Amino acid sequence: MGLLDRGVEIKTPEQIDAMRRAGLVVGRTLELLRGHVRAGITTAELDGIAEDSIRSAGATPSFLGYHGFPATICTSVNDEVVHGIPGERVLAEGDLVSIDCGAIVDGWHGDSAITVSVGPVPAEVEALMAVTEQAMWRGIAAAHLGGRVTDISHAVEQHVRAQGGFGIVEDYTGHGIGSAMHQPPDVPNFGRAGKGPRLVPGLALAVEPMITLGTQETDLLADDWTVVSTDGSWAAHFEHTFTITPEGTWVLTALDGGEQQLSELGVKFGGR
Ligand code: MG
Ligand code: MG
């Protein structure tokens, strides 16, 4: 391990299996929430559904109490990029909501996010969601044993830039994950390939592009959590936690382990 690898936690296969259990709790909770997103529901109601889902699976919400965060999920609506706090806000037809969720099983974390529209949205908003989700998958697909962390960053940026004039938020990044939700290394959503720690078996990373229809610049609201785009442009956020085994790539928070998306991108599936 070189200097750049300092602080990177390498998991055993058994620890990765525990992360898979946490990842499945997160993935199932997000699919449950996706089914509940509709006009008239409050973000606090979504939060309650998430907490019930996580606790009934025998897991613990990662976010609740994290640096004082008061809820189980983050709900970020329209121009809110990330870290929105669930509350009395009522979702309306045409809104866009990003839901970020984390769970702990036996001390091991999973972290994933989806963006869901409330009914039909304009084509540009559909495109925003699609480019953000696909950029996440391109980033994961760019990770190979022996490569480096910013191979992911570069692939995310390349995909977004090729789709047109979207804003790539730089103030927040993906991250290492394992016995804590946020660990070294950072996984930026932009930059040159070939830098940062080496990608080795037992490393686990959360890849999470945050993309807007306008600026890359963000502000923090007075609640000290909610991140918004400075120009009011709408944002999308997708995230998965993944690892690389000697067999291939394993997306720990995807219900199918990422097998379908990875095969479409020509990447070997490494799940158990
Ligand atoms: Mg997250
Ligand atoms: Mg994360």
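One can find the structure itself at the top, above this paragraph.
Cut-off values and rules
Residues numbered from 1 in each chain as written. Chains lettered and ligands numbered in written order. Predicted model: local features only at pLDDT ≥ 70, side-chain atom pairs only at ≥ 80, totals over all residues. Heavy atoms only, no water. 1 Å grid on protein atoms, 1.4 Å probe; cavity = no way out; pocket = protein on both sides within 12 Å on 5 of 7 lines; lining within 4 Å. Points joined across faces, edges and corners; volume = space filled by probe spheres on them. Helix = DSSP H or I, 4+ residues; strand = E, 2+ residues; numbered from the N terminus. Nonpolar A, V, L, I, M, F, W, Y, C, P; charged D, E, K, R; others polar. Donors = N, O, S within 2.8 Å, 3.2 Å for Na, K, Ca; no water. Buried < 20%, exposed > 50% of the residue type's maximum accessible area, 1.4 Å probe, protein only. Axes fitted to C-alpha atoms, helices over the stretch in contact; angles between N-to-C directions. Left-handed = near helix turned anticlockwise from the far one by under 90°. Contact = heavy atoms within 4.5 Å.

1. Structural notes on empty space enclosed by the protein
Regions of empty space are outlined by a rolling probe, equal in size to a water molecule, passed over the atoms.
Here comes step 1: Inspection of every chain in the model, using the stated rule, returns 1 cavity of 30 Å³ or more.
Here comes step 2: In this structure, the largest cavity spans a volume of roughly 40 Å³.
Here comes step 3: Looking at the lining of the largest cavity, the elements that each hand over two or more residues are strand 9 (204-207) and strand 14 (240-245).
Here comes step 4: Top contributing element to the lining of the largest cavity by residue count: strand 14, with 3 residues.
Here comes step 5: Residue classes in the lining of the largest cavity are distributed as 7 nonpolar, 1 polar and no charged.

2. Some words on the coordination of the magnesium ion (ligand 2)
Metal coordination angles have textbook ideals: 109.5 degrees for a tetrahedral set of four donors and 90 or 180 degrees for an octahedral set of six.
Here comes step 1: Around the magnesium ion (ligand 2), the protein contributes the donor atoms Asp 111 (OD), His 175 (NE2), Glu 208 (OE) and Glu 239 (OE), at 2.1 to 2.2 Å from the metal centre.
Here comes step 2: All donor residues of the magnesium ion (ligand 2) come from one chain, and their arrangement in sequence is D-x63-H-x32-E-x30-E.
Here comes step 3: Between the magnesium ion (ligand 2) and the magnesium ion (ligand 1), a separation of 3.1 Å is found, and both are coordinated by Asp 111. Within this pair, whereas Asp 111 is found in strand 5 (residues 108-117), its partner Glu 239 is found in the loop between strand 13 (235-237) and strand 14, the two being separated by 128 residues in sequence. Glu 239 carries the same exposure label as Asp 111, and that label is buried.

3. Examining the packing of helix 1 (residues 13-36) against helix 2 (residues 43-56)
Here comes step 1: The N-to-C vectors of helix 1 and helix 2 enclose an angle of 145°; their axes lie 9 Å apart at closest approach. By crossing handedness, the relation of helix 1 to helix 2 is classed as right-handed. The residues of helix 2 that touch helix 1, namely those facing Val 25, Thr 29, Leu 32, Leu 33 and His 36, are Leu 46, Ile 49, Ala 50, Ser 53 and Ile 54.

4. Digging into unusual backbone geometry
Here comes step 1: Note the cis peptide between Pro 184 and Pro 185, where omega equals -5°.
Here comes step 2: The residue Pro 185 is located in strand 8 (residues 183-187) in this model.
Here comes step 3: Located in the positive-phi region is Asp 106, a residue other than glycine, with phi close to 50°.
Here comes step 4: By the element assignment, Asp 106 lies in the loop between strand 4 (96-105) and strand 5.
Here comes step 5: Overall, Asp 106 belongs to the exposed group, its relative accessible area being 63%.
Here comes step 6: Positive phi, normally seen in glycine, also occurs at Asp 224, with a value near 70°.
Here comes step 7: By the secondary structure assignment, Asp 224 is in the loop between strand 11 (218-220) and strand 12 (227-229).
Here comes step 8: The class of Asp 224 is exposed, set by a relative accessible area of 58%.

In short, geometric facts, not functional conclusions.
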